[in-house]
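# Overview (structure and organization)
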Amino acid sequence: NYDGSFIKAYPCGVQPDMVTFSGNLILTADEGEPRLGYGEGCVDPKGSVTVIDLSSGIENGNAVVVTLDEFDAERDELTESGVILKKDAAPSADLEPEYIATAGKYAYVSLQEANAIATLDLESKKFTSVLPLGFKDHSVAGNEIDLLDDGKAKIKNQNVYGVYMPDGIDAFEVNGETYLITANEGDAREWGDYSGVKKTKIEGTKAETLDNEKWDGIDADKTYILGGRSFAIFKASDMTLVYESGAMIESAVAASEFKEHFNCSNDNVKLDSRSKKKGPEPESVEVAEIDGKRYAFVGLERTGGVMMFDITDFLKGKAALSAYANSRDYS
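Scoring rules and cut-offs
Residues numbered from 1 in each chain as written. Predicted model: local features only at pLDDT ≥ 70, side-chain atom pairs only at ≥ 80, totals over all residues. Heavy atoms only, no water. Pairing = 2+ DSSP bridges. Helix = DSSP H or I, 4+ residues; strand = E, 2+ residues; numbered from the N terminus. Axes fitted to C-alpha atoms, helices over the stretch in contact; angles between N-to-C directions. Salt bridge = Lys/Arg side-chain N within 4 Å of Asp/Glu carboxyl O. Buried < 20%, exposed > 50% of the residue type's maximum accessible area, 1.4 Å probe, protein only.

## A look at the sheet that holds strand β25 (residues 320-325)
Spatially, β22-β23-β24-β25 is the arrangement adopted by the four strands of the open sheet, whose pairing is antiparallel. With partners counted over all chains shown, the strands left at the sheet margins are β22 (282-290) and β25, one partner each. Put simply, the sheet's adjacent strands are angled 20 degrees from each other on average, direction ignored. Direction of pairing for strand β23 (residues 293-300) relative to strand β24 (residues 306-310): antiparallel, over a ladder of five bridges. Following the sheet pairing, Gly299 is matched in β24 by Val306.

## A look at the pattern of salt bridges
Counted according to the given criterion, the structure contains 19 salt bridges. The shortest N-O distance in the salt bridge between Lys156 and Glu203 comes to 3.1 Å. Placement of the pair is Lys156 in the loop between β10 (135-137) and β11 (161-163) and Glu203 in the loop between β16 (197-202) and β17 (205-210), with a sequence separation of 47 residues. With a shortest N-O distance of 2.9 Å, Glu289 and Arg294 are connected by a salt bridge. Given a relative accessible area of 11%, Arg294 falls into the buried group. Linked through salt bridges whose partners overlap, the residues forming this network are Arg75, Lys87 and Asp216.

Printed below as a string of structure tokens:
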């Protein structure tokens, strides 16, 4: 309670990353990462969502761990649709819940490394779908990016595909339709002596990309980078992309008072030091309505600060940066 007195503990799945509420339910995103790597003697725990029902009171809650076992039989269908899975890995172990947003009777769960969203029916406590989020074509106008480690903010088109891999997500409704907004951070799998990424030379810079030979769900002849350096909005019913912020985040940092630290890291203030990896890394996103307008607040894990976007007209393909607040001490 607020006095710091312990009330009650409930068991949950392996490695809960995030906790949220929905009515009388507590939900935990149980990531289940293979912390020791893969191979003999190593365990890759199952990902899950724990649903704790407190409708009978805090002391009498009921905890149910919901796994993704039923999708093991649909592995081929998942990867053919664009869900990314480690070769030879079972979906129940490889899918790792990262973050949860709720709306009505459903919880939407980001499966970051798989570049997918799982939908959980909160009444039946069963997953109803795992749907891919697709890829961002950085060769298209509007999707420019800085991939080069050259000490400059040089945002330009590149022949690579961004894998959204969102961390934080939020859900909101417009005219009875539920939408998901995602912070497209990107995340690599590097456990023990295993790494699912490689270095690919792009204009003299060794950029971090997916190692195509280690994944199902991607094309062998395309180059994929981690994350989208953006926020995106999807229709929750089928994960159709309805808005993508393109190059807005990197462009805004490059034009801001913090431009001398464009794409720097959390532990390195050098300009451009993260361009060859995941850039500013949008980590979290929250939506709020203020004075009749809808805003998205996007936290930037590496560069620092929070960006506020007016997304009122996102269905018309419009969004605009309203503010960039950054209290980071770059010294």
